[in-house]
Structures are given as structure tokens and as C-alpha cells.
Amino acid sequence: MDFIFDPSLVLYLPLYEQDGASFMSKDAYGHLCTVTGAQLTPSGRYFDGVDDKVDAGADPALDVYPKVTAGGWVLPMPSPGIGDLVGKAQDYKGYGLQVGYTGIFLRLGYQGVWYSSPIITATSRFQFAIGVYDGSYIRLYVDGVEITPATAHTSGFTKASSSTTVKIGCHYSGSGYFVNARIGEVFIFSRALSSPEIQGIYLSTKWRYR
């Protein structure tokens, strides 16, 4: 998959093929990832909504700013819990593609406020959900198609502290709230991907989830 070699790809985790309690990410950085629970299945890791998560560490490459693209393939359960599909966030700082009771959306923290993309309702099948912030608008793409309208936000977002780790499947604090879902693969890019690029990733990966 050619997108893996994009120099702006700072995290790529194909969770459907990574076994064990720890493993390295499949991007150029090789982040050490630690698993709590999250059982391996043929279509990804199953997160039980109780205490399952993956921690991808706090490498400086994950401090993406001022633009970001984050997301991946997710199948929320009927009671999906709440937390990040993937994100690096703390109290009103950082970014995360959140799966929650209201649906799926990209969240950015800035000066004590969370700013969010449009929200889409989770379905009973895998969805390719990608959130993008380009410095002016927060956008959400589902299955390669942008959900409109985009949210105008020109103030940017505040970086989380350098010690904050990237988390998959849980609240940004790492405790209290967890996602009940199957997560197939997740991505973080240090730039705003274009619509054709997102469509290309969707088309090159959807065979695994359809």
C-alpha cells in the first residue's frame, strides 16, 4: 500500500496483523505499542469497552502541528462506549478521532474548548473514518467521502504536552472511558490530506472490511 511510504505518515497500525502484548508500528518510526486487553481477530483488535486500549507512546513525531489527519477503520458495537479511535490529547489540548455515544468525529483542543468536526452516526458495519484539520476547517470523511458542512476554525489547536502518549480505543486520560468496537487499522499524518488522497487510501484498504 503506497500510502505507507508517505513521509508525513507518523503512525500506521494494521491491528488485524499485529499479535502479542506489544509490537512496533508499521510506519517509518517504529513506535513501540503496548496492548491492554484488545484481543486479536481477523479484522482487527476487539476493544471490550471496559479497560482495553493500545498505547503508542509519546515520540516527538506524534506531536503533529498545526495540521493533522487522523483516523482509520472502525466497527463500533451497539453500545460503543466513548474514547478515541486514535489521538494524542489531554484536557482541551491535542487531537483525537473520537468514537462515542453521539457518533464519530474529529476533536481539537484550543484555549479550554474542544472544537469538533461534523458528527456521523456509527453503523453496524466497518466504516473508514478520517478527520482532517487544514488550519482553517475541520473536516470528516467517511468511506472516502467528505461529510458536509466542514467546521470553520481558524484559531488552530493547542499541542498536548510532549509526554502525552497516543492512545487507541480509550479516553485521552487512559482510564475511565473505553471504546467498545473492532478497530482494523489506524493512521496519523502530520499534514492535511486531500480528498483524492483519502479516497485512494479508502479504495486500497476497503477489501479487508467489505
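Data block above holds the structure.
Model, not experiment: these values are computed from the prediction. (Residues numbered from 1 in each chain as written. Predicted model: local features only at pLDDT ≥ 70, side-chain atom pairs only at ≥ 80, totals over all residues. Heavy atoms only, no water.)

## Here we look at the overall build of the chain
Next, step 1: When helices and strands are tallied, the chain shows one helix and 16 strands.
Next, step 2: In terms of C-alpha radius of gyration, the chain reaches 15 Å, essentially the compact-globule figure of 17 Å for 210 residues.
Next, step 3: If you line up the chain on its principal axes, its C-alpha atoms span 40 × 35 × 35 Å.
Next, step 4: Summed over its atoms, the accessible surface of the chain is roughly 8,600 Å², and 54% of this surface lies on carbon and sulfur atoms.
Next, step 5: Taking the 16 positively charged and 18 negatively charged side chains of the chain as two groups, their mean positions are separated by 3 Å. (Helix = DSSP H or I, 4+ residues; strand = E, 2+ residues; numbered from the N terminus. Rg over C-alpha atoms; globule rule 2.2 N^0.38 Å. Areas by Shrake-Rupley, 256 points an atom, 1.4 Å probe, with all protein chains shown as cover. Lys, Arg positive; Asp, Glu negative; His and termini not counted. Charge placed at Lys NZ, Arg CZ, Asp CG, Glu CD.)

## A look at the environment of Ser175
Next, step 1: Checked against the element boundaries, Ser175 lands in the loop between strand 15 (167-168) and strand 16 (179-189).
Next, step 2: Between the alpha carbons of Ser175 and Ile104 there is a distance of 19 Å; along the sequence they are 71 residues apart.

## What to know about the packing of aromatic side chains
Next, step 1: Applying the stated criterion across every chain, the model contains twelve aromatic pairs.
Next, step 2: Geometrically, the ring pair formed by Trp73 and Tyr209 is stacked, given 4.6 Å between the ring centres and 20° between the ring planes. Of the two residues, Trp73 is situated in strand 7 (residues 68-81) and Tyr209 in the segment after helix 1 (195-205); the sequence distance between them amounts to 136 residues. No difference in accessibility class separates Trp73 from Tyr209, as the two residues are buried. (Phe/Tyr/Trp six-rings, centres within 6.5 Å; stacked < 30°, edge-to-face > 60°. Buried < 20%, exposed > 50% of the residue type's maximum accessible area, 1.4 Å probe, protein only.)

## A word on the pairing of strand 8 (residues 83-90)
Next, step 1: A large share of strand 8 lies buried, amounting to seven of its eight residues.
Next, step 2: In this structure, strand 8 lies alongside strand 9 (residues 93-100), joined through seven bridges in antiparallel fashion. Note that in strand 9 the partner of Gly83 across the bridge is Val99.
Next, step 3: The turn linking strand 8 back onto strand 9 is made up of two residues, and Tyr92 within it adopts a positive phi angle of 60°. (Pairing = 2+ DSSP bridges.)

## Details of unusual backbone geometry
Next, step 1: Backbone torsion omega between Tyr65 and Pro66 reads 5°, so that peptide bond is classified as cis.
Next, step 2: Tracing the backbone through its elements, the reader meets Pro66 in the loop between strand 6 (53-55) and strand 7.
Next, step 3: That bond from Thr148 to Pro149 is cis: its omega, 0°, falls within 30 degrees of zero.
Next, step 4: Within the fold, Pro149 resides in strand 14 (residues 145-152).
Next, step 5: Positive phi is not limited to glycine here, since Tyr92 has a value of about 60°.
Next, step 6: Along the polypeptide, Tyr92 turns up in the loop between strand 8 and strand 9.
Next, step 7: On the basis of relative accessible area, Tyr92 is assigned to the partly exposed category, the value being 38%.

## Quick notes on the nonpolar core
Next, step 1: Val166, Ile168 and Ile188 are the most contacted members of the largest nonpolar core, which totals 39 residues.
Next, step 2: Ranked by residue count, the leading element in this core is strand 16, at five residues.
Next, step 3: Once residues lying within four places of it in the same chain are set aside, the contact partners of Ile188 are Ser8, Leu9, Val10, Leu11, Val64, Val68, Thr69, Ala70, Val86, Tyr95 and Val166.
Next, step 4: Grouped together as the second largest cluster of nonpolar side chains are 17 residues, Leu75, Ile130, Phe187 and Tyr202 included. (Core = buried A, V, L, I, M, F, W, Y, C linked by side-chain atoms within 4.5 Å. Contact = heavy atoms within 4.5 Å.)

## Considering the environment of Thr151
Next, step 1: Position of Thr151 among the secondary structure elements: in strand 14.
Next, step 2: The exposure class of Thr151 is partly exposed, given its relative accessible area of 25%.
Next, step 3: Separated by 13 residues in the primary sequence, Thr151 and Ile138 have C-alpha atoms spaced 5.1 Å apart.
Next, step 4: With sequence-adjacent residues up to four places away left out, Thr151 is seen in contact with Ser116, Ser117, Pro118, Ser136, Tyr137 and Ile138.
Next, step 5: Within the structure, the side chain of Thr151 is placed 3.2 Å from the backbone oxygen of Ser116, a separation counted as a polar contact. (Polar contact = N/O pair within 3.5 Å; in protein donor to acceptor, adjacent residues only side chain to side chain.)

None of this, on its own, says anything about what the molecule does.
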